[in-house]
Amino acid sequence: DGGITQSPKYLFRKEGQNVTLSCEQNLNHDAMYWYRQDPGQGLRLIYYSQIVNDFQKGDIAEGYSVSREKKESFPLTVTSAQKNPTAFYLCASSVNRDTGWPQHFGDGTRLSIL
Amino acid sequence: AQSVTQLDSQVPVFEEAPVELRCNYSSSVSVYLFWYVQYPNQGLQLLLKYLSGSTLVESINGFEAEFNKSQTSFHLRKPSVHISDTAEYFCAVSDTQTGSARQLTFGSGTQLTVLP
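Undergrad: Explain unusual backbone geometry residue by residue, including any values.
TA: A cis amide bond, omega -10°, links Ser-7 of chain A with the succeeding residue Pro-8 of chain A. Within the secondary structure, Pro-8 of chain A sits in the loop between strand 1 (4–7) and strand 2 (10–13). With a phi close to 60°, Asn-41 of chain B is a non-glycine residue in the positive phi region. Within the secondary structure, Asn-41 of chain B sits in the loop between strand 5 (31–38) and strand 6 (44–50). Its identity is not glycine, yet Thr-72 of chain B carries a phi of approximately 45°, on the positive side. Inspection of the secondary structure assignment puts Thr-72 of chain B in the loop between strand 8 (64–68) and strand 9 (73–78). On the basis of relative accessibility, which here comes to 29%, the residue Thr-72 of chain B falls in the partly exposed class.

Undergrad: Just give me the short version of the pattern of salt bridges, but keep the residues and values in it.
TA: Applying the stated criterion across every chain, the model contains six salt bridges over all chains. The partner of Arg-22 of chain B in a salt bridge is Asp-8 of chain B, with the nearest N and O atoms 3.0 Å apart. With a gap of 14 residues between them, Arg-22 of chain B in the loop between strand 3 (19–21) and strand 4 (24–26) and Asp-8 of chain B in the loop between strand 1 (3–5) and strand 2 (10–14) connect regions that are remote in the sequence. Where Lys-78 of chain B meets Asp-85 of chain B, a salt bridge forms, and the shortest distance between an N and an O atom there is 2.9 Å. Of the two residues examined, Lys-78 of chain B and Asp-85 of chain B, each falls in the buried class. Several salt bridges share partner residues, and in doing so they unite Arg-36, Asp-38 and Arg-44 of chain A into one network.

Undergrad: I'd like to hear about the interface of chain B and chain A, residue by residue, with values.
TA: Across the boundary between the two partners, chain B contributes 19 residues, which contact 24 residues of chain A. Taken together, the two surfaces of chain B and chain A that pack against each other cover about 1,700 Å², and 55% of this comes from carbon and sulfur. Run the count over chain B and chain A and you get zero salt bridges. Between the two partners, chain B and chain A, sit three residue pairs in polar contact (both at pLDDT 80 or more). Among the elements of the structure, strand 5 and strand 6 of chain B are those that each provide at least two residues to the side of chain B that touches chain A.

Here is what the cut-offs are and how they apply
- Residues numbered from 1 in each chain as written.
- Chains lettered and ligands numbered in written order.
- Predicted model: local features only at pLDDT ≥ 70, side-chain atom pairs only at ≥ 80, totals over all residues.
- Heavy atoms only, no water.
- Helix = DSSP H or I, 4+ residues; strand = E, 2+ residues; numbered from the N terminus.
- Buried < 20%, exposed > 50% of the residue type's maximum accessible area, 1.4 Å probe, protein only.
- Salt bridge = Lys/Arg side-chain N within 4 Å of Asp/Glu carboxyl O.
- Contact = heavy atoms within 4.5 Å.
- Buried area = accessible area lost by both parts, 1.4 Å probe.
- Polar contact = N/O pair within 3.5 Å; in protein donor to acceptor, adjacent residues only side chain to side chain.

See below:
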């Protein structure tokens, strides 16, 4: 079945450490997104990519970085500059760059600080 | 820029009763509107969307939402809920202008709890 796979499901970060969250899709979708979800705040856009080798900052990109070297993959790195990284991270995709809204979501990665 | 207000953070309702989850938005331009549902420890699923045409849109599992431009609302309704409808529901808005439609603005969510 086609879908989005996020790994790991749970991740722990030590102070000063960078961690990378994986997002892979086999839907042949052009656009991919990373959202952060905090309780009571809905979802906020971190980064999005409409095409391979191109990505744009969202509303809360500080302390995060991404790459889009392959159509299927859009990994997110949470750097040590992100001072409050504890959250639920969701990756999403949409069929083409002009669709605009995410149509499929992964099951998320829950990141916590040790 | 747009904003979305979901007026109720928690909605408890008994099984087989009707429910309405309220969503109001603010935007200076034309919008697309969406409802997503999230079950515990999962990602979001697109429930229904309004892009154009009929202001009443329906999902396959009995939910419907009506776009009301004058009241800037997109409330979600179901005439009879089931235990399995227990989840968090998010309203979202996107403007229709090419080049910026990719950024959804989400509401803070409404937790629907269906009681036996």
